[in-house]
There are 2 protein chains.
Amino acid sequence: MAITFTNHVDELLKSFIDDMQPSNVLVLADDNTARQVLPRLPSLATATAIVIPAGDCHKTIDTTCQVWQQMEAAGATRNSIMVCLGGGVVTDLGGFAASTFKRGIPFINVPTTLLAAVDAAAGGKTGINYSGLKNEIGLFSHARQVVVSTIFFDTLPQQEVLSGYAEMIKHALLTSREDFFELTELEPATVDWCEMLPLVETSVNIKNRIVAADPHEHGLRRTLNLGHTAGHAIESLALQRGTPVTHGHAVACGLVAEAVLSHMVFKFPTDLLNRLAAFVRDHYGPVRFTCNDYPALLQFMHHDKKSRSGEINCTLLRLCGDAVIDNVVSDDDMSTALDIYRDLMGI
Amino acid sequence: MAITFTNHVDELLKSFIDDMQPSNVLVLADDNTARQVLPRLPSLATATAIVIPAGDCHKTIDTTCQVWQQMEAAGATRNSIMVCLGGGVVTDLGGFAASTFKRGIPFINVPTTLLAAVDAAAGGKTGINYSGLKNEIGLFSHARQVVVSTIFFDTLPQQEVLSGYAEMIKHALLTSREDFFELTELEPATVDWCEMLPLVETSVNIKNRIVAADPHEHGLRRTLNLGHTAGHAIESLALQRGTPVTHGHAVACGLVAEAVLSHMVFKFPTDLLNRLAAFVRDHYGPVRFTCNDYPALLQFMHHDKKSRSGEINCTLLRLCGDAVIDNVVSDDDMSTALDIYRDLMGI
């Protein structure tokens, strides 16, 4: 896995493609990135464009089959290369389609959202949703190259930026008090992202070090699940109620709930917990629920993909930079944490 | 990749499963092996059986989706294990389904045909047919264990046995004159296969050494394509004419044609060529075609998956055990070789 950080995306892409001498170049985009981003990259002007509809609801085996068909039609061989240009749906599905076509052709990820840059595009997880379950079908397969830039972020909706920022906060919590303070002093919605490439680089490199040490998620990589047990449950609840929230919004709230648990179990410092809760409350706002929703939330947590035998499993923190994986959390403790989350978020 | 050779299949499976302590066990079979082989393995009596229709025409994404659905329904987790019990369709498709479910659960291959034992089950190639092309979608993923036995072979149709035997002859040609002579002195259709486990072990180990040295087919592994450029074309022609032949029958004829080419290009010894041709003629019989079929055959060869830029690409032999990959063969030379094949086969 090679990750390059640059705001000269087109030049870099051109040199990668020249070096690899592929028999042909395919570019996978969704209808947004095909319209808005692809024209900004002249190095891909002669590539065969494969365009899929935007949105997580299209991250399916049917879309994958359409991509395979178009790869066939374009005469793709093992010497071809596919550039995945988009957010997490495009890089996840594109990586899956490329890695299974003729038993695998190389692909380059060019994330166009902050969330994809700091989360989906690097790390080797590819996949699609199946049977109502997220990323249920897929495989571990690394992009040949990941090109991370921030030049595409200034046109992102504010919610999209915040969604990615939640994963950056998670990475900071897994690293150091200083990193966490730096991020929570910024205003992510109004910052000039073109100048923020070094900040994104720091965040991606945190993830990258963890993934390199444990590519197949047997241990250390599970620290990256911080915030995601409660977060996925909150995301699923919101979806079920017909008022979906972004992944990052749910994760931000999940980080607060799991920081509360970290305080309960490992005495995670109160000042850090309060700072996190204030940042999430002020910048994201709470995802609202009452104690009547706890049974549904707990149910989602028991059925999380990471659960091994039906128990609620969380990554928790002793301190910033000191995470503990595989904590089994009782329904009572999680309910208490959700109570305190609601207090902290003022709901 | 661990391969075990034993005719005590059930005991071994039981000990593997006990050692792995899976959360549950799934067994994939086709409707033949579910009826005829599964009842012989009490260690799988409590496993969840997933049964697919027999035949290469069912090696599809639709069948794969049905397998994924049934894995879901069985509550499969990353701690589950899938046993693939069958011929090459079951081990190829099962390996693909398992390797992409929740980004990969472990699988054990138990080949029940000679062809699957010596070819499909070991080596890490998984896949399905797509868009009319064989094994077009798939990935490299090794079975956790491959259990090779010969106890299932005595009930195989003679054509099935011969089909696998052609791959054994290929392995012998890639190894030594002695191995080749040993195999061509036997009567594969009438031998007692229960006693032939050591012979199968030798053959699988030849392939295994080659695969271990080059798992992703960048060089050495392409020696295993011996006989397959002409063989696949012959197989495709027979299929197109509505008179399909087994894979191994086509490969046996392909080995003859490519041994002729080997003689033309590298002076592969005449006595070995004649011995091979006589064995194939007497035990398999020729796949018949005339010079009117050459354009179709050449067309198939130019479109072979292994072709890099449309040329005909063959692995050829200098001697037994001395293979040369990536020989570009002209249409004229291939046509001459097909002429001589027809002479040698008496058609």
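Above this text you will find the structure in question.
Note that this is a predicted model, so its numbers are computed, not measured.

Colleague: I keep staring at the pattern of salt bridges and nothing clicks. Help me out?
Modeller: Side chains that differ in sign of charge can pair as their charged atoms come close. The tally for this structure, following the rule as stated, stands at 30 salt bridges over all chains. For E136 of chain A, the salt bridge goes to K102 of chain B, with nearest N and O atoms at 2.9 Å. With E136 of chain A in strand β7 (residues 133-140) and K102 of chain B in the loop between α4 (88-100) and β5 (107-111), the pair connects residues from two separate chains. The closest approach of N and O atoms between D322 of chain A and R318 of chain A, which form a salt bridge, is 3.3 Å. Among the residues examined, D322 of chain A registers a relative accessible area of 27% and is labelled partly exposed. Accessibility expressed as a relative area gives 37% for R318 of chain A, which makes it partly exposed. Sharing partners across several salt bridges, the network here consists of R78 of chain A together with K125 and E217 of chain B.

Colleague: Just checking my understanding: could you explain the interface of chain A and chain B for this structure?
Modeller: It is common to give the size of an interface as the accessible area that goes away when the parts come together. Counting from both sides, the interface comprises 28 residues of chain A and, opposite them, 28 residues of chain B. Here chain A is connected to chain B by four salt bridges. R78 of chain B serves as the salt-bridge partner of E217 of chain A, at 3.4 Å between the closest nitrogen and oxygen. Where chain A meets chain B, there are ten residue pairs in polar contact (both at pLDDT 80 or more). Going through the elements one at a time, α3 (61-73), α4 (88-100), β6 (125-130) and β7 of chain A are the ones with two or more residues in the side of chain A that touches chain B.

Colleague: Mind showing me how you'd approach the sheet that holds strand β5 (residues 107-111) of chain A here?
Modeller: Paired through backbone hydrogen bonds, the strands of a sheet run either parallel or antiparallel to each other. Residue and element names in this part refer to chain A. Spatially, β1-β8-β5-β4-β2-β3 is the arrangement adopted by the six strands of the open sheet, whose pairing is parallel. The open sheet terminates on both sides in strands that have one partner only, identified here as β1 (3-5) and β3 (48-52). The sheet shows a mean angle of 20° between the axes of neighbouring strands, direction not considered. In terms of strand pairing, β5 meets strand β8 (residues 145-148) through two bridges, oriented parallel. Its bridge partner being in β8, N109 is matched across the sheet by V146. Strand contacts of α3: β2 (25-30), β3 and β4 (81-86), with the helix running at about 165° to β3, the strand carrying the most contacts.

Procedures and definitions
- The residue count restarts for each chain, going from 1 along the sequence in the order it is written.
- Lettering of chains starts at A and numbering of ligands starts at 1, both following the order in which they are written.
- Owing to the predicted nature of the model, reporting of local features is limited to residues with pLDDT of at least 70; listing and counting of side-chain atom pairs is limited to 80 or more, with chain, interface and lining totals taken over all residues.
- Hydrogens and water molecules were not included; the side-chain quantities draw on all heavy atoms of the structure.
- Salt-bridge detection follows one rule: a side-chain nitrogen of Lys or Arg within 4 Å of a carboxyl oxygen of Asp or Glu.
- In this description a helix means any DSSP run of H or I spanning at least four residues, a strand means any run of E spanning at least two, and both kinds are numbered starting from the N terminus.
- Exposed residues in this analysis have more than 50% of their type's maximum accessible area, buried residues have under 20%, and partly exposed residues fall in between, with area computed by a 1.4 Å probe over protein chains only.
- Should any heavy atoms of two residues lie within 4.5 Å, those residues are considered in contact.
- The term polar contact refers here to a pair of N or O atoms within 3.5 Å; inside protein, the definition further demands a hydrogen-donor-capable atom paired with an acceptor-capable atom, and it admits residues adjacent in sequence only when both atoms are side-chain atoms.
- For two strands to be treated as a pair, DSSP must find no fewer than two bridges joining them.
- Fitting a line to C-alpha atoms yields each axis, with helices limited to the stretch in contact; the angle taken between N-to-C directions then spans 0 to 180 degrees.

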